[in-house]
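Summary of structural features
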Amino acid sequence: MSGAALSEGAAGTASAPAPAIEVSGMRIRIALGDTSFTVVDDMSFAVAPGETLCIVGESGCGKSMTALALLRLLPQGARIDRGAIRLGETDILELGERAVEDLRGNRIAMIFQEPLTALNPVMTVGAQIAEAVARHRGGTRRKAWAAAVEALRGVQMPDAERRAKQYPHELSGGMRQRAMIALALCCAPSVIVADEPTTALDVTVQAQILGLMADLQRRSGTALLLITHDLSVVAETADRVIVMYAGRRVEEAGITDLFDEPLHPYTRGLMGAIPRGAAAGKRLTDIPGTVPALWDLPAGCAFAPRCPLATPRCKIERPPLEEHRPGHFAACWEIDHAG
Amino acid sequence: MLDDAMAPPPAPLLSVRGLKVHFPIRQGVFQRQVGAVRAVDGVSFDIGRAETLGLVGESGCGKSTTGLALTGLVPLTDGEVTFDGARVGSETGRDLARFRQRMQIVFQDPFSSLNPRQRVRDILRAPLEIHRIGTTAERREAVFAMMNRVGLRPDQAENYPHQFSGGQRQRIGIARALMLNPDVIICDEPVSALDVSVQAQILNLLEDLQDELGVAFLFISHDLGVVEHISNRVAVMYLGKIVEMARREALFAAPAHPYSELLLGSTPSLDPRRRHRFSAGFEDVPSATAKPSGCAFRTRCPLADERCRAEEPALSPRADGRLLACHHR
């Protein structure tokens, strides 16, 4: 099943690069008082060096939980009770807390949506980056500071030396996001997890940050896992895409396959729901109803109650994620009837 | 329906001229005013009956403040608002109440704009009570009818806002705005907090309501896709001013102002084969507290020259009917 996650054409060839990160059969459960429920189930994927994998879905689909799990940053009450996460040769789930701290910010780093809450408000941005450098690379304070300023230059922060001495609140939203990217990149990680990195930004600033991330990835060959709700961000950035619904993968494909021929009715619904030029003024195809509560999922396919193609079978039996076209996977009983 | 950008029907329903909202900047022990944030700095537009005017721009451009000023939720510094032929602003008491009946607002955040301690029926009944419309029984009926109209079940009337999803809460917000049968609704980012599948439901609902009830919308949003979808005409705002206003098709087919161009060019496409190659370069974006002289966009504009620094371009009509504030276009 994890073969699903390798990039197109890479599967089966001898020279396929080893994935920078590989997740297999991961399940995340949340315990709330006496009850517990699954928020992410049967999650598997791999991201190769230099590759961008996007996980797209709406609120509550489990995409952010997946991101946090990779850095073992799950909130209290949530835990991974099945599966494995391999970063290179290391199984992250086998490590003690101290060993995980050695990896975090070093071999795997995270970019959050809201830099104002993710950055420490009482430390200058330079000091935060220098701290990370010193923690993972050692060396003198002076060297760490120089590396921090260099990291800020690397993300094209204007006037990097002066900005390094400023606090997060003194920077604009776009500059703060650049500072957070510098912090994530300062130790040259092999994997970056970016959770909605441009969602809080204005569209002109979003364009700059997307441009910056593409540039940096081209140069460094980092594996990028990008979590987003926005299919247009996916279209601009991804090599491969996983569409999540109610904690599970419902579709997985190479970027052009997904946009040329979305297979799952949920993916099709999402694409029809986006207001866009060509169809301006035409009625949008909305998906009736809302996302089900994760503690109250229907027995069969979680999308069945909102699905135009649902049959009695869909309500009883959950469809497995299957390869319907080469490299193109979907979890739906009705795909071949969908036309 | 409308033939050019500025002077649509003979008598527009809502006409705004030279709207200004300035907030004082105070400093020191005595809180002396040392300056002003010119959040909205001379905005003019018309809205016709059953028309949707999109107001688009990035954070801090003054689009939301414009909406709040029109509904009286922030005081106007200057400007003239005419509603259905009558000047607004001079009236008090009953006239003011009557005006407010006819112009309502829907807010972005369906979580904070509904009183968490009121049941839906109370939220929807409040406008009728405030304006003393109908008997108790009639109000009850009106609440149920409106809930049906916006896609809520009447048996949910006893529920509290937290028992609804985000999309349902926005339906409550829309129902509340419609209770008084207004002529204009200011929609301030009404779908920005919603997931895309639910956003489509709400956009479709707004369009249905417009078709049935003939209500006009001032649709404020940062999302160009949404604005393109729902608007008849679009006004682009930058640092407190409208820099371009045109029919929807004209604006999106060929934006004329360099800022409109930048906005459209920064919007990610939905076609992975035609990706933008966005520039990574940093760009300093000025704010309303420190506006550049002359044309406010000149610091980011590839066409800017001496004249743009010295002289502010006026919003003026072009041959194709659009309004534009640029020395070079």
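Thresholds, definitions, all that
Residues numbered from 1 in each chain as written. Chains lettered and ligands numbered in written order. Predicted model: local features only at pLDDT ≥ 70, side-chain atom pairs only at ≥ 80, totals over all residues. Heavy atoms only, no water. Helix = DSSP H or I, 4+ residues; strand = E, 2+ residues; numbered from the N terminus. Rg over C-alpha atoms; globule rule 2.2 N^0.38 Å. Buried < 20%, exposed > 50% of the residue type's maximum accessible area, 1.4 Å probe, protein only. Contact = heavy atoms within 4.5 Å. Areas by Shrake-Rupley, 256 points an atom, 1.4 Å probe, with all protein chains shown as cover. Lys, Arg positive; Asp, Glu negative; His and termini not counted. Charge placed at Lys NZ, Arg CZ, Asp CG, Glu CD. Buried area = accessible area lost by both parts, 1.4 Å probe. Salt bridge = Lys/Arg side-chain N within 4 Å of Asp/Glu carboxyl O. Phe/Tyr/Trp six-rings, centres within 6.5 Å; stacked < 30°, edge-to-face > 60°. Expected span 1.5 Å × (residues − 1). pLDDT = per-residue confidence, 0-100. Axes fitted to C-alpha atoms, helices over the stretch in contact; angles between N-to-C directions. Left-handed = near helix turned anticlockwise from the far one by under 90°. Pairing = 2+ DSSP bridges. Core = buried A, V, L, I, M, F, W, Y, C linked by side-chain atoms within 4.5 Å.

**Section: the overall build of chain A**
A count of helical and extended segments in chain A gives 13 helices and twelve strands. Relative to its length of 339 residues, chain A is compact, with a C-alpha radius of gyration of 21 Å against a globular reference of 20 Å. Counting only residues that meet the buried cut, chain A has 54% of its 339 residues in that class. Sequence-distant contacts in chain A: of pairs separated by 6 or more residues, those separated by 24 or more amount to 64%. Accessible surface, chain A: about 14,300 Å² in total, of which carbon and sulfur atoms supply 52%. Treating the 35 positive side-chain charges of chain A as one cloud and the 39 negative ones as another, the clouds have centres 5 Å apart.

**Section: the overall build of chain B**
A tally of helices and strands in chain B yields ten helices and twelve strands. Expected size for 329 residues packed as a compact globule is a radius of gyration near 20 Å; at 21 Å, chain B falls within 12% of this value. C-alpha atoms of chain B, sized along the principal axes, occupy 65 × 55 × 50 Å. Across the 329 residues in chain B, those meeting the buried criterion constitute 52%. In chain B, the share of contacts with a sequence separation of at least 24, taken over all contacts with a separation of at least 6, comes to 67%. For chain B, the centre of its 40 positive side-chain charges and the centre of its 39 negative side-chain charges are spaced 4 Å apart.

**Side note on the interface of chain A and chain B**
With 49 residues of chain A at the contact, the number on the chain B side is 39 residues. Buried area between chain A and chain B, summed over both chains or domains, comes out near 3,800 Å², and the portion from carbon and sulfur atoms is 54%. Area buried by chain A at its contact with chain B is led by A:Thr204, A:Glu236 and A:Pro275, which between them contribute 16% of it. At the surface where chain A touches chain B, the tally comes to two salt bridges.

**Thoughts on the packing of aromatic side chains**
Residues and elements named next belong to chain A. As enumerated under the stated definition, the model contains eight aromatic pairs over all chains in all. Arranged with centres 5.3 Å apart and planes meeting at 65 degrees, the rings of Tyr266 and Phe303 form a pair that is edge-to-face. Of the two residues, Tyr266 sits in helix α11 (residues 265–273) while Phe303 sits in the loop between α11 and α12 (312–316), which places them 37 residues apart along the sequence. Under the relative-accessibility criterion, Tyr266 is labelled buried at 0%.

**Comments concerning helix α5 (residues 166–178) of chain B**
Residue and element names in this part refer to chain B. Taking 1.5 Å of rise per residue, the 13 residues of α5 would be expected to cover 18 Å, and the 19 Å separating its terminal C-alpha atoms lies within 8% of that figure. Of all the 13 residues making up α5, eleven are buried; the element is thus mostly covered by neighbouring parts of the structure. Taken residue by residue, α5 has Gly166, Gly167, Arg169, Gln170, Arg171, Ile172, Gly173, Ile174, Ala175, Ala177 and Leu178 as its buried positions. On the buried face of α5, the contacting elements are β6 (103–106), α3 (120–130), α4 (136–149), β7 (184–188) and α6 (196–213).

**Thoughts on the confidence of the model for chain A**
Summary statistics for chain A give a mean pLDDT of 90 and a share of 93% for residues scoring 70 or more. Counted against residues more than four places away or in other chains, residues 1–13 of chain A, with its pLDDT under 50, gives 19 contacts.

**Description of the side chain of A:Asp202**
Mapped onto the elements of the fold, A:Asp202 is located in the loop between β7 (191–195) and α8 (203–220). Look at A:Asp202: it is buried, it has no salt bridge, and the nearest opposite charge is B:Lys63 at 6.0 Å. With near-sequence residues (within four places) excluded, A:Asp202 lies in contact with B:Glu58 and B:Ser59.

**So, the packing of helix α4 (residues 125–137) of chain A against helix α5 (residues 141–154) of chain A**
Residue and element names in this part refer to chain A. Taken N-terminus to C-terminus, the directions of α4 and α5 make an angle of 115 degrees; their axes are 8 Å apart at the nearest point. At the point where α4 passes α5, the crossing takes the right-handed sense. Facing Val125, Gly126, Ala127, Ile129, Ala130, Val133 and Ala134 of α4, the residues of α5 in contact are Ala144, Trp145, Ala147, Ala148, Ala151 and Leu152.

**Considerations on the sheet that holds strand β1 (residues 14–27) of chain B**
Residues and elements named next belong to chain B. Taken in spatial order, the four strands make up an open sheet running β2-β1-β4-β5, and their pairing is antiparallel. Edge strands, defined here as strands with exactly one partner in the open sheet, are β2 (32–47) and β5 (86–88). Each strand axis lies, on average, 30 degrees off the axis of its neighbour in the sheet, ignoring direction. Direction of pairing for β1 relative to strand β4 (residues 78–83): antiparallel, over a ladder of five bridges.

**Observations concerning the sheet that holds strand β2 (residues 35–47) of chain A**
Whether parallel or antiparallel, the strands of a sheet pair through hydrogen bonds between backbone atoms. Residue and element names in this part refer to chain A. With antiparallel pairing, four strands are arranged side by side in an open sheet as β2-β1-β4-β5. Each of the sheet's edge strands pairs with one partner strand only, and the pair in question is β2 and β5 (90–91). With nine bridges connecting them, strand β1 (residues 21–32) and β2 associate as antiparallel partners. Across the sheet, the residue bridging to Met26 is Met43, located in β2.

**A short note on the pairing of strand β10 (residues 241–247) of chain B**
Residue and element names in this part refer to chain B. With five of seven residues buried, β10 lies mostly within the body of the structure. Pairing analysis gives six bridges linking strand β9 (residues 233–238) to β10, with the strands arranged antiparallel. If you follow Ala235 over to β10, its bridge partner there is Met245. Linking β9 back to β10 in an antiparallel pair, the connection comprises two residues, with Leu239 at a positive phi of about 45 degrees. As defined by bridge partners, β10 adjoins strand β12 (residues 323–324) across two bridges and the pair is classed as antiparallel. From the neighbouring strand, Met245 faces β12, where its bridge partner is Leu323.

**Topic: the pattern of salt bridges**
Per the stated rule, a full pass over the model turns up 44 salt bridges over all chains. For A:Lys63, the salt bridge goes to A:Glu196, with nearest N and O atoms at 4.0 Å. Linking A:Lys63 in helix α1 (residues 63–70) with A:Glu196 in the loop between β7 and α8, this pair joins segments that are 133 residues apart in sequence. Each member of the pair, A:Lys63 as well as A:Glu196, carries the same accessibility label: buried. With its nearest N and O atoms 3.0 Å apart, the salt bridge here joins A:Glu261 to A:Arg325. With A:Glu261 in the loop between α10 (255–260) and α11 and A:Arg325 in strand β11 (residues 322–325), this residue pair connects regions lying 64 residues apart in the sequence. If you follow the salt bridges from partner to partner, you end up with B:Arg38, B:Asp41, B:Lys241, B:Lys291 and B:Glu312 in one network.

**Describing the nonpolar core**
Counting residues in each nonpolar core, the largest one holds 142 residues, and the members touching the most others are A:Ile28, A:Phe45 and A:Leu70. In terms of residue count, the dominant contributor to this core is α6(B) (eight residues). Those residues in contact with A:Ile28 that sit more than four places away from it in its chain are A:Phe37, A:Thr38, A:Val39, A:Val40, A:Met65, A:Thr66, A:Ala69, A:Leu74, A:Ala78, A:Arg79 and A:Ile80. Of all hydrophobic cores here, the second largest spans 31 residues; its members include B:Leu13, B:Val43, B:Ile47 and B:Ile186.

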